[in-house]
Amino acid sequence: ETGVTQSPTHLIKTRGQQVTLRCSSQSGHNTVSWYQQALGQGPQFIFQYYREEENGRGNFPPRFSGLQFPNYSSELNVNALELDDSALYLCASSLRAGVRRETQYFGPGTRLLVL
Amino acid sequence: AQTVTQSQPEMSVQEAETVTLSCTYDTSENNYYLFWYKQPPSRQMILVIRQEAYKQQNATENRFSVNFQKAAKSFSLKISDSQLGDTAMYFCAFMKPLNTGNQFYFGTGTSLTVIP
């Protein structure tokens, strides 16, 4: 089975710009979660998508939005970038069924730098 | 709101020895899940072990085991026979299942170094 993949691996943007990050979930998984991990910190939950709908959200402003597609891949969009948005963005997929439900499998992340 | 606390920012252990990483959490929920994840320098987060709160038996995965104390809201990770490849950042995580979606909370991590 294929693992979780993310693109791009690194990205540099300037303040005020918009960015789109992409995630392909592990084969057979129907749920995708996004996290922001600032340097030296633990991941902070942004939101989760299940069957193409947002299904849980952390304490992030509306300029953080997402999509999930019929093939369960996902995008994270961030508008009006701020310097504090510089972080590693992690995507995690899971299968909301079965014995191992809710166990998440993480991608390698996208490192975003906002200048 | 749920919080997850890892009070040991850094730890080290001699190869082949045993080390315990601490984690406490705060919640009013009764149904939840707890996880330990490992993040090596390559940065990909890897699941180490998982515990359902309704299970009294502590989870075990090979050299990794947990001490889950529900009343004390404590969830420590024990690594036996430490290996050089265990060097990584370790994160404790709490998950609250909701009908409207699941909420995940991570601690700030413990950096573990295994010394040859």
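Residues numbered from 1 in each chain as written. Chains lettered and ligands numbered in written order. Predicted model: local features only at pLDDT ≥ 70, side-chain atom pairs only at ≥ 80, totals over all residues. Heavy atoms only, no water.

Asker: Please set out the overall build of chain B residue by residue, giving values where relevant.
Answerer: Per the secondary structure count, chain B includes 0 helices and 12 strands. Beginning at the N terminus, the succession of helices and strands in chain B can be written as β-β-β-β-β-β-β-β-β-β-β-β. Counting only C-alpha atoms, chain B reaches 45 × 30 × 20 Å along its principal axes. In chain B, which comprises 116 residues, the share counted as buried stands at 50%. If you take every contact in chain B between residues at least 6 apart in sequence, the share linking residues at least 24 apart comes to 54%. For chain B, the exposed area adds up to about 5,500 Å²; of that, 46% sits on carbon and sulfur atoms. Of the side-chain charges in chain B, 9 are positive and 9 negative, and the distance between the mean point of each set is 8 Å. (Helix = DSSP H or I, 4+ residues; strand = E, 2+ residues; numbered from the N terminus. Buried < 20%, exposed > 50% of the residue type's maximum accessible area, 1.4 Å probe, protein only. Contact = heavy atoms within 4.5 Å. Areas by Shrake-Rupley, 256 points an atom, 1.4 Å probe, with all protein chains shown as cover. Lys, Arg positive; Asp, Glu negative; His and termini not counted. Charge placed at Lys NZ, Arg CZ, Asp CG, Glu CD.)

Asker: How would you sum up the interface of chain B and chain A? Please name residues and give values.
Answerer: The partner chain A presents 30 residues to the 20 residues of chain B that form the contact. Both sides of the chain B and chain A interface together cover about 2,000 Å² of buried area, and 45% of this is carbon and sulfur. The largest per-residue losses of area from chain B upon contact with chain A belong to Arg43, Arg50 and Phe104 of chain B, which jointly make up 30% of the total buried on that side. Inspection of the region where chain B meets chain A yields 0 salt bridges. Linking chain B with chain A are 3 residue pairs in polar contact (both at pLDDT 80 or more). Counting only elements with at least two residues in the side of chain B that touches chain A, the list comes to strand 5 (33–39), strand 6 (46–52), strand 10 (88–96) and strand 11 (103–106) of chain B. In terms of residue class, the side of chain B that touches chain A is built from 9 nonpolar, 9 polar and 2 charged. (Buried area = accessible area lost by both parts, 1.4 Å probe. Salt bridge = Lys/Arg side-chain N within 4 Å of Asp/Glu carboxyl O. Polar contact = N/O pair within 3.5 Å; in protein donor to acceptor, adjacent residues only side chain to side chain. Nonpolar A, V, L, I, M, F, W, Y, C, P; charged D, E, K, R; others polar.)

Asker: Requested: an account of unusual backbone geometry, with residues and values cited.
Answerer: Along the chain, Ser7 of chain A connects to Pro8 of chain A via a cis peptide bond; the corresponding omega equals -10°. Within the chain, Ala80 of chain A stands out as a residue other than glycine whose phi angle is a positive 50°. Within the secondary structure, Ala80 of chain A sits in the loop between strand 8 (74–78) and strand 9 (87–94). Under the relative-accessibility criterion, Ala80 of chain A is labelled partly exposed at 40%. The phi dihedral of Asn62 of chain B is positive, around 55°, even though this residue is not glycine.

Asker: Please give an account of a nonpolar patch on the surface that cites residues and values.
Answerer: A cluster of nonpolar side chains, contributed by Ile12, Leu113 and Leu115 of chain A, occupies part of the molecular surface with about 300 Å² of accessible area. Relative to the elements of secondary structure, Leu113 of chain A occurs in strand 11 (residues 110–114). (Patch = residues over 30% accessible without salt bridge, like charges linked within 9 Å, V, L, I, M, F, W, Y side chains within 5 Å.)

Asker: How would you explain the state of the cysteines if you had to name every residue and give the values?
Answerer: Under the definition given, this model contains 2 disulfides over all chains. Across a sulfur-sulfur distance of 1.7 Å, Cys23 of chain A and Cys91 of chain A are joined as a disulfide pair. Between Cys23 of chain A and Cys91 of chain A the sulfur-sulfur dihedral comes to about -55°; the bridge is accordingly left-handed. One end of the pair, Cys23 of chain A, is in strand 3 (residues 19–24); the other, Cys91 of chain A, is in strand 9, and 68 residues separate them in sequence. Accessibility classification places Cys23 of chain A together with Cys91 of chain A in one group, the buried group. Bridging Cys23 of chain B to Cys92 of chain B, the disulfide has an S-S length of 2.0 Å. (Disulfide = S-S within 2.5 Å.)

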